[in-house]
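Observations on chain architecture
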Amino acid sequence: FFITTSILIYNQFKHYLSFDYGFSSKNIVNIELQGVDYQKLSNELRDVTGVTTISASDLIPSTGTNNGNQMRKSGSTGEYSEGGILITDENFIDNLDIKLLAGKHLPPAGESSDRFVLVNEAAVKNLGYNHPSEILGEVFETKWGNEQLEVIGVVKDFRYKLLLNEDKIGPLIMRNQPEHFEYLNVQLS
């Protein structure tokens, strides 16, 4: 029983380590900000030898923590569509090697930049579009706060939820809101 259980646990562990999550975490060190201004820390770390790129996010994908949001096409009276939300800066998708399928990256933080969002392929399908380019420029409203969000890009699906919790990849929205950043994602050479 002990040997069989050990082999089973080993195989599961090996599966989770070799599983393709749709992003690269190779040589990425996630540093919890603990209230430190992300821009100041980022500027200091850029001068450290061996640091190649830096991004910021509110959580680390596929670690068991995730946030949700609900949205629908602006002006519609239909049901709200549920999805995850990931707060990132403009460097996040390049830093984690997430493929941009259509549109452009998130703009740098600034006045009204948080109204622009990226969505994943699952969100495109969930919101009733057939091709990533069809959703570009569309405006959606959130259920809470009635924010107007404009889709400017579509990224390839990647696992942002823990593999143990959900087998399929759900809809995801990505926004740039620096006041919510909790981690720096530092890539080392």
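Let me begin by describing the structure that accompanies this report. (Residues numbered from 1 in each chain as written. Predicted model: local features only at pLDDT ≥ 70, side-chain atom pairs only at ≥ 80, totals over all residues. Heavy atoms only, no water.)

**Some points on the overall build of the protein chain**
- Broken down by element type, the protein chain carries five helices and 10 strands.
- Residues counted as buried form 40% of the 189 residues belonging to the protein chain.
- Contacts spanning at least 24 positions in sequence make up 75% of the contacts within the protein chain whose residues lie at least 6 apart.
- For the protein chain, the accessible area works out to roughly 10,700 Å², and carbon and sulfur atoms hold 51% of it. (Helix = DSSP H or I, 4+ residues; strand = E, 2+ residues; numbered from the N terminus. Buried < 20%, exposed > 50% of the residue type's maximum accessible area, 1.4 Å probe, protein only. Contact = heavy atoms within 4.5 Å. Areas by Shrake-Rupley, 256 points an atom, 1.4 Å probe, with all protein chains shown as cover.)

**Overview of the sheet that holds strand β10 (residues 183–188)**
- The strand order across the open sheet formed by three strands is β1-β10-β2, and the pairing between neighbours is antiparallel. Looking along the sheet, the strands with just one partner apiece sit at the ends: β1 (28–32) and β2 (51–57). Sheet twist, expressed as the mean angle between neighbouring strand axes with direction ignored, is 25 degrees.
- As paired strands, β2 and β10 are joined by six bridges and run antiparallel to one another. By the bridge assignment, Thr53 is partnered in β10 with Gln187. (Pairing = 2+ DSSP bridges. Axes fitted to C-alpha atoms, helices over the stretch in contact; angles between N-to-C directions.)

**Quick notes on the packing of aromatic side chains**
- Scanning all chains against the criterion turns up two aromatic pairs.
- Here the aromatic rings of Tyr38 and Phe181 are separated by 4.7 Å at their centres, their planes lie at 90 degrees, and the arrangement is edge-to-face. Here Tyr38 is found in helix α2 (residues 38–46), whereas its partner Phe181 is found in the loop between β9 (172–175) and β10, with 143 residues between them in sequence. For the pair Tyr38 and Phe181, a shared accessibility class is recorded, and that class is buried.
- Seen from their ring centres, Tyr129 and Phe140 are 6.5 Å apart, and the 80 degrees between their planes marks the pair as edge-to-face. (Phe/Tyr/Trp six-rings, centres within 6.5 Å; stacked < 30°, edge-to-face > 60°.)

**Quick look at the pairing of β9**
- On β9, burial covers both faces: Leu172 and Met174 on one face and Ile173 and Arg175 on the other are all buried.
- Where strand β4 (residues 81–87) and β9 come together, four bridges link them in parallel fashion. Residue Ile87 lies in a different strand from β9, and its bridge partner there is Arg175.
- Across three bridges, strand β6 (residues 116–120) lies against β9 in antiparallel orientation. Among the inter-strand pairings, Val117 is bridged to a residue of β9, identified as Arg175.

**So, unusual backbone geometry**
- Phi at Asn27 is positive, roughly 65 degrees, even though this residue is not glycine.
- For Asn27, the location among the structural elements is in the loop between α1 (2–18) and β1.
- Unusually for a residue other than glycine, Asp97 sits at a positive phi of about 55 degrees.
- Assignment of secondary structure puts Asp97 in the loop between α3 (92–95) and β5 (100–103).

**As for the pairing of strand β7 (residues 139–142)**
- Bridging between strand β3 (residues 67–73) and β7 involves three bridges; their strand directions are antiparallel. Bridge pairing in β7 links Arg72 to Glu141.
- Bridging between β7 and strand β8 (residues 148–155) involves three bridges; their strand directions are antiparallel. Residue pairing in the sheet places Val139 in a bridge with Glu150 of β8.

**A few points about the pattern of salt bridges**
- Following the criterion strictly, the structure yields five salt bridges and no others.
- The residue Lys73 makes a salt bridge to Glu138 at a minimum N-O spacing of 2.0 Å. Here Glu138 lies in the loop between α5 (132–135) and β7 and Lys73 lies in strand β3, a separation of 65 residues in the sequence.
- Members of the salt-bridge network, linked through shared partners, are Asp114, Glu147 and Arg175. (Salt bridge = Lys/Arg side-chain N within 4 Å of Asp/Glu carboxyl O.)

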